[in-house]
Structures are given as structure tokens and as C-alpha cells.
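Understanding the architecture of this molecule
The primary structure of each chain is shown beneath.
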Amino acid sequence: MNSSANRLTIRRPDDWHVHLRDGAILAGVVPHTARQFARAIVMPNLAAPITSVASAQAYRQRILAALPEGSPFTPLMTCYLTDHSDPDELQRGFEEGVWLAAKLYPAHATTGSAHGVTDVANIHSALERMERIGMPLLVHGEVTQADVDVFDREAVFIERVLAPLLRAMPGLRMVFEHITTAEAADFVMAAGENVAATITPQHLHINRNAMLVGGIRPHAYCLPVAKREKHRLALRKAATSGNPKFFLGTDTAPHARHLKEAACGCAGIFNAPFALESYLQVFEEEDALDRFEAFSSENGPAFYGLPLNAETVTLERSAIEVPGEIDANGTVIVPFHAGETLRWRFVG
Ligand code: DOR
Ligand code: ZN
């Protein structure tokens, strides 16, 4: 890291959790991620989820084709687990370098999870194979039972699913994605080196009041949903602690404005356009600018066993206004921090 009071230069970061979508909107959103990040782990929850090696290869090609001319951005693909996932197919894609990890969506937990896993018992042999070959499991950690309050679903998932799973498969490499609670941060800290977590910018900035005070604010709604203030504070502490188990994963999740401003609005926050500015503001507020590079550019590659990026990016301390909406190749999307002024500007 190279810093003066007003400029910060770090190794180029990676985003370990993004939704790039498909079709026309793909070309509208991928430039925002490619502008700031060298690599990104791409979620497989398309309308037809990425469950085969062939579909991951084809999706990767569509992403590359949607990139701005000459962009060196590297998409890292993932496989969507279903009740019928084949351990041999998982292993083949991993060994051929087509995908880096597999994603567990509990069925009906979130956007694009209808084909997800109805009970982890159904993917036991897939998980055993992943443990054996060292293939990371990326987890959307929420139970879906109707009797569990939506604000408790992550904490209950730890008790009912995650802790028993790790007891049964202690060597399984796992990323607890987009954690939102103190319980999740504590769980990750207490687990072995094979367990890590990503943290989004929104869960560092907002608590559940942002969604509900003064009216329902659909652009602050994502899943897992933002929790109470004490959880936000625990996440800020974890992210800025320097602990290598925590790293950057924006969970940028674009939805058209009209699909969020609706009677049943979609879950997801589009934070890619100002992702680094958003994270950096948190690190500055926590007096942890010296730990920003580890969180953004070092801890993720170390967990995944990938090389660090050689090139650098610079941010400078100067105000930047976030637009009220962004046109993503014909789809109007309201970005995270819309209408706010952020204190750092991404220079490139
Ligand atoms: O808010 C979310 N949006 N959470 C997820 O887990 C999925 C994502 C999406 O794909 O829109
Ligand atoms: Zn996600």
C-alpha cells in the first residue's frame, strides 16, 4: 500500500461475489465490475442455473464477449448445486479449471434459488467429493422454514446446517457468503482456516432501519436482509480487523428499478459502480486504512490459492456524487448510495 493523506494506491482488488446476469443487461453491468476489479467470482443463479460444465463455459464466453474492448477482467465461474448434483461433474469442472467453487442456495432462500438444495442431506456425496478434492463451497446461509423470522434466518442456519456440516466434514473449504450477523462473524472466527466469509458494502453501511424508517425503501433490500445496528458494528469490526478470513465480496445484484419498486420487490443491491469508494469510506471511518488492501486484494486470493494481482489502483480523497439511476444497456437501475456524496473517488 502506498498512501498519502489524499491518495491511496493498492494492489488491484478482486470481487469474490458478483451477479452479472445474462442477456442485454450483462453488457450494461459487467463494465462496472471490470472497471474496478481484476477478477470476480460469478454467481450461477441465472434463470436457467449454471449446473453443467458446458453451461459454465458458455456463460463465461458470454461474459467475455460483453466486456469493454481490451478489458483484462477475468470472470471466475461457479457451479449451482441442486438436489441432483453429480460429484463427477463437479470434480471434472474443477479439475478442468472451468469453475472454482460450487454455490449452495437453499431452495427458495433468495432470487434465483428455486432450483436450489431442499436439504443438505441430498448433496452429501457432492460435498464429500468437494471436501476430498479441496473444492470450495460457497454458502447462502439462510434457512427457509416459514416459522423462522426473516431476521433470524442466518443465525438459525448456523445452528441447524452449518455447524453440523462442518462437524461432519471438518476439512470442507467453505465461504460463508455476505454475512450479516455478529453470530456469523463469530462462527467464522472460531472455525478452522478452511472457513472464510465475504462481507458486502451495504451490510457495513446500513442496518434494517435504512429499509423501514420513514417508508419502505426497496433499494436497501437484499438477502440476507440487513439486521440490527449491533450486527452492522460487528461486521465493521470483522472486516477492518485484519483477520484474513474476511474478504471483499460485493454481492452486487442488479434489478430493474420497476422490479424493486413494486408490491413484491426483488432482493438485491446494485453496488458495483461505486464499490471500492463505498468500502473505503468504511475503512476510513474505522481508522483502518492500513487494512483496506488486505481485505480487498490479499485475503481472497490467499483463501482461493490464486496469485495476487500485480497491477495497482488508486483512489483519491475527493467528493463524488452517486447518480440517482444508471442505464445498464437499456435497463434502469438504482445504485447503492444513489443521490449520496461519497468521500473517495476511484481514479483507476
Ligand atoms: O439480495 C440478493 N440478491 N441476495 C441474493 O442472495 C441473490 C441476489 C440476486 O441474485 O438478486
Ligand atoms: Zn449473491
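Cut-offs used in this document
Residues numbered from 1 in each chain as written. Chains lettered and ligands numbered in written order. Predicted model: local features only at pLDDT ≥ 70, side-chain atom pairs only at ≥ 80, totals over all residues. Heavy atoms only, no water. Pairing = 2+ DSSP bridges. Helix = DSSP H or I, 4+ residues; strand = E, 2+ residues; numbered from the N terminus. Contact = heavy atoms within 4.5 Å. Axes fitted to C-alpha atoms, helices over the stretch in contact; angles between N-to-C directions. Salt bridge = Lys/Arg side-chain N within 4 Å of Asp/Glu carboxyl O. Buried < 20%, exposed > 50% of the residue type's maximum accessible area, 1.4 Å probe, protein only. Parallel < 35°, antiparallel > 145°, perpendicular 65-115°, else oblique. Left-handed = near helix turned anticlockwise from the far one by under 90°. Nonpolar A, V, L, I, M, F, W, Y, C, P; charged D, E, K, R; others polar.

Here we look at the sheet that holds strand β1 (residues 2-3)
In space, the 4 strands of this open sheet follow the order β1-β2-β11-β14, with antiparallel pairing throughout. At either end of the open sheet lies a strand with only one pairing partner, and these are β1 and β14 (341-346). Where strand β11 (residues 312-321) and β14 come together, 5 bridges link them in antiparallel fashion. Across the sheet, the residue bridging to Ile-320 is Leu-342, located in β14. Along the sheet, helix α11 (residues 275-285) contacts β2 (7-11), β11 and β14; its crossing angle with β14, the most-contacted strand, is approximately 110°.

Describing the pattern of salt bridges
A pair can form between side chains of opposite charge whenever their charged atoms are brought close. Tallied over the full model, the rule gives 15 salt bridges. Between Arg-236 and Glu-286 there is a salt bridge, with its nearest N and O atoms 2.7 Å apart. One end of the pair, Arg-236, is in helix α9 (residues 229-239); the other, Glu-286, is in the loop between α11 and α12 (292-304), with 50 residues separating them in the sequence. For the salt bridge of Glu-325 with Arg-257, the shortest nitrogen-to-oxygen distance reads 2.4 Å. With Glu-325 in the loop between β11 and β12 (326-328) and Arg-257 in helix α10 (residues 257-260), the pair connects residues that are 68 residues apart, well separated along the chain. A relative accessible area of 42% places Glu-325 in the partly exposed class.

Points about the packing of helix α3 (residues 87-95) against helix α4 (residues 124-133)
Closest axis-to-axis distance for the α3/α4 pair is 9 Å, and the angle between their directions is 30°. As summarised for this structure, α3 and α4 are arranged roughly parallel, according to the angle between their axes. Considering the relative orientation of α3 and α4, their crossing is right-handed. Contact residues: Pro-87, Asp-88, Leu-90, Gln-91 and Phe-94 in α3; Ser-125, Ala-126, Arg-129, Met-130 and Ile-133 in α4. Of the residues that constitute the contact of α3 with α4, the class distribution is 6 nonpolar, 2 polar and 2 charged.

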